[in-house]
Amino acid sequence: MEKIPETINVKDIREILGIIHEACERFQIIALHRQLEAARILLEEDPPIDVAVMGQFKAGKSSFLNSLLGQNVLPVGAIPVTTAITRLQYGNKERALIRHFDGRMTEIPLSHIAEFTSEAKNPGNEKNVAIVDIELPSMRKYPGLRLVDTPGLGSVYKYHQSTSEHWLPAVGTALLAVSSDRPLSEHDLNLIRELTLHTPNIILLLTKADILSTEQQKEVVSFFQETLERELRRTLPVYLYSIKNNTELYRNIVEENIFKTICSNRDSEFLRILLHKTRSLKQNCLSYLRIALHASLQADQNRENLRERILNEKVNEDLMREELGIISREHQRQTRSLIETYLEQFKAPLTKKVRENLQSDIASWRGNLWKISRRYEAWVSETLSSEMRTISKNEHQNFLGTLKKSHAGFSRSLEAFRKFLGDNIENVLGIKLTEVDWNIEVAEPDHPDISFTKSFDIHLDLIWFLIPMIVFRKIFERHFIQGIPKEVEINLSRLAYQWETSINNAIEEMRGQATKYIHEELSTIESLISGTQGQTNDINKLIAAIEQSNI
Ligand SMILES: Nc1nc2c(ncn2[C@@H]2O[C@H](COP(=O)(O)OP(=O)(O)OP(=O)(O)O)[C@@H](O)[C@H]2O)c(=O)[nH]1
Ligand SMILES: [Mg+2]
């Protein structure tokens, strides 16, 4: 007999049933719904213990119950009869309540129950009877119990079998009726296996014992035990019954050993049954969850494989970053010399032009050396700034070589990346990556702010008061004019430097765009591949929670 550990209480059962319920909902374990519902009803409604008589059709189930009650309440017959689950419990007056599948309930006189529970009057359960509840004063002798008559198994009426099987998870104690003329079939063994999931109490009832001699009865009983031992590795109590011979004797034995025992320990029996159902649910739920876990692990593995095959070394983000970095550095390095080389052609004509202008302008400048020097500085600054602005405005399109080349480099690199990624996705998943416009916008470099600053080496003008201009004027004029080529060179070089900074910044900006494209694309793909993940953890948590329960 299954022991109830002292530490077990209803709270623990409620808790584990809650977890099992959650698991069933989460993973659609429909197979356990009936079992879970049966346990929930026991827990929430504390109903009487359902002592159900089950077994093959025509085994004498209904006859046995009538005989027990000393009253012909249930319809019996030589052909398959019982068509609906019929529960009998104590009530101070006789009455019968028909519960229909649609929730309707009707009360009928007890004498009319065959209209609803027999195949002859309710063929194929056309009246949609879910359960018939009968209340009888004679049930007073079985307090806390409900006797349940069930449709027989194995007859031509498949509906009878499915009705009983559907009800099975609700069973409290099972009396398996086996007729003396058909001792223990494969059906009976299967029923025992099934019952084992739902109740700790299975008792064999050898009905129609009158058709066997005492010797044959003994033979049948030992045949039962041997078969059970061999097939199921267990023994079960066996009781005899007959409505024809020695009925009184059989009834007393059955009442004393089965019914009285249950009635006098109703509460602990009830808890034992609930505990059995809960443990069975626990085991079943665990085995379903292990299947789910297996599938989930497989899915994780598949996802990991997919990930590796799609995001392989060719579409590796770090490598792409590196490649884009190389492209930008390679071109940025050349920007300055490219511009300087281009500007070379302006040097001589510009020098010539500025010199000539200075020559003609300087003759009219008056004042001492200090004044003429300031004038010179202002003149050079103004003239060259304006020349540089003109060159910058007219020629800057010719400075953009490295910008254009790096744009082409980035675009090629992105295109190759996108192709590898697309090919991988197509190979692995068989789907095409949608075309996207991956053009890098050419960043327009800022126009540098061109302005000239003073660039004298020797500050002769600081000693202007010592120098008589009347004598040295020509020398200084020559000195200023000779300084022009250097001024032109410095200005052109500065122009080149300013454009270099601006262009290289633009290249850098394009590299940023390309890196961002790649990052976003890979993150998207990655999250799509691993999007469905997360079940493994949840399943493991549920398994652990169920295993930890001390039920
Ligand atoms: N000889 C003998 N016949 C019995 C005994 N009990 C029942 N019968 C007969 O067996 C037949 C079937 O009895 P039921 O009680 O209708 O059997 P059941 O198991 O309820 O049948 P279903 O409801 O169709 O599954 C009837 O003809 C009964 O008279 C018994 O103890 N001895
Ligand atoms: Mg019957």
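What you see is a predicted model; the values in this text were computed from it and never measured. (Residues numbered from 1 in each chain as written. Chains lettered and ligands numbered in written order. Predicted model: local features only at pLDDT ≥ 70, side-chain atom pairs only at ≥ 80, totals over all residues. Heavy atoms only, no water.)

Caption draft 1: Just the site of ligand 1, in detail. Surveying the vicinity of ligand 1 reveals 19 residues, the closest of which are Lys 58, Ser 63, Val 81, Thr 82 and Asp 210. Here an oxygen atom of ligand 1 sits 3.1 Å away from a polar atom, N or O, in the side chain of Lys 208. Its free accessible area being 650 Å², ligand 1 has 88% of it covered by the protein chains. (Near = heavy atom within 4 Å. Polar contact = N/O pair within 3.5 Å; in protein donor to acceptor, adjacent residues only side chain to side chain. Areas by Shrake-Rupley, 256 points an atom, 1.4 Å probe, with all protein chains shown as cover.)

Caption draft 2: Geometry of the sheet that holds strand 3 (residues 95-100). Taking strand neighbours across the sheet as the criterion, the nine strands line up as 4-3-5-2-6-1-7-8-9 in an open arrangement whose pairing is mixed. In the strand order of this sheet, the two ends are held by strand 4 (105-108) and strand 9 (238-240), each with one partner. The mean angle between the axes of side-by-side strands here comes to 25 degrees, regardless of whether they run parallel or antiparallel. Sheet topology note: the strand 1 (residues 49-55)/strand 7 (residues 173-179) ladder contains five bridges and is parallel. Within the sheet, the bridge partner assigned to Gly 55 lies in strand 7 and is Ala 177. Docked against the sheet, helix 7 (residues 214-232) engages strand 7, strand 8 (201-207) and strand 9, running at close to 155 degrees with respect to strand 9. (Pairing = 2+ DSSP bridges. Helix = DSSP H or I, 4+ residues; strand = E, 2+ residues; numbered from the N terminus. Axes fitted to C-alpha atoms, helices over the stretch in contact; angles between N-to-C directions. Contact = heavy atoms within 4.5 Å.)

Caption draft 3: The arrangement of the side chain of Asn 284 in detail. Relative to the elements of secondary structure, Asn 284 occurs in helix 9 (residues 266-310). Sequence-distant contacts of Asn 284, that is, excluding residues within four places in its chain, are made with Leu 32, Gln 35 and Leu 197.

Caption draft 4: Here's a closer look at the coordination of the magnesium ion (ligand 2). Those protein atoms acting as donors to the magnesium ion (ligand 2) are Ser 62 (OG) and Thr 82 (OG1), and they sit at 2.0 Å. Here Ser 62 is found in helix 3 (residues 61-69), whereas its partner Thr 82 is found in the loop between helix 3 and strand 2 (85-90), with 20 residues between them in sequence. (Donors = N, O, S within 2.8 Å, 3.2 Å for Na, K, Ca; no water.)

Caption draft 5: Quick peek at the nonpolar core. Ranked by internal contacts, the top residues of the largest apolar core, which has 96 residues, are Phe 64, Ile 134, Leu 147, Phe 259 and Leu 289. At 10 residues, the largest contribution of residues to this core is made by helix 9. The residues touching Leu 147, leaving out its near neighbours within four places in the chain, are Val 51, Leu 65, Leu 68, Leu 69, Thr 86, Arg 87, Leu 88, Met 139, Tyr 142 and Phe 259. (Core = buried A, V, L, I, M, F, W, Y, C linked by side-chain atoms within 4.5 Å. Buried < 20%, exposed > 50% of the residue type's maximum accessible area, 1.4 Å probe, protein only.)

Caption draft 6: Layout of unusual backbone geometry. For Leu 184, which is not glycine, the phi torsion reads 55 degrees and is therefore positive. With respect to the helices, strands and loops of the structure, Leu 184 is situated in the loop between strand 7 and helix 6 (186-198). Residue classification places Leu 184 among the buried residues on the basis of a relative accessible area of 11%. Its identity is not glycine, yet Lys 208 carries a phi of approximately 55 degrees, on the positive side. Along the chain, Lys 208 turns up in the loop between strand 8 and helix 7. Given the relative accessible area of 30%, Lys 208 is considered partly exposed.

Take it as geometry only, folks, not as evidence of what the structure does.
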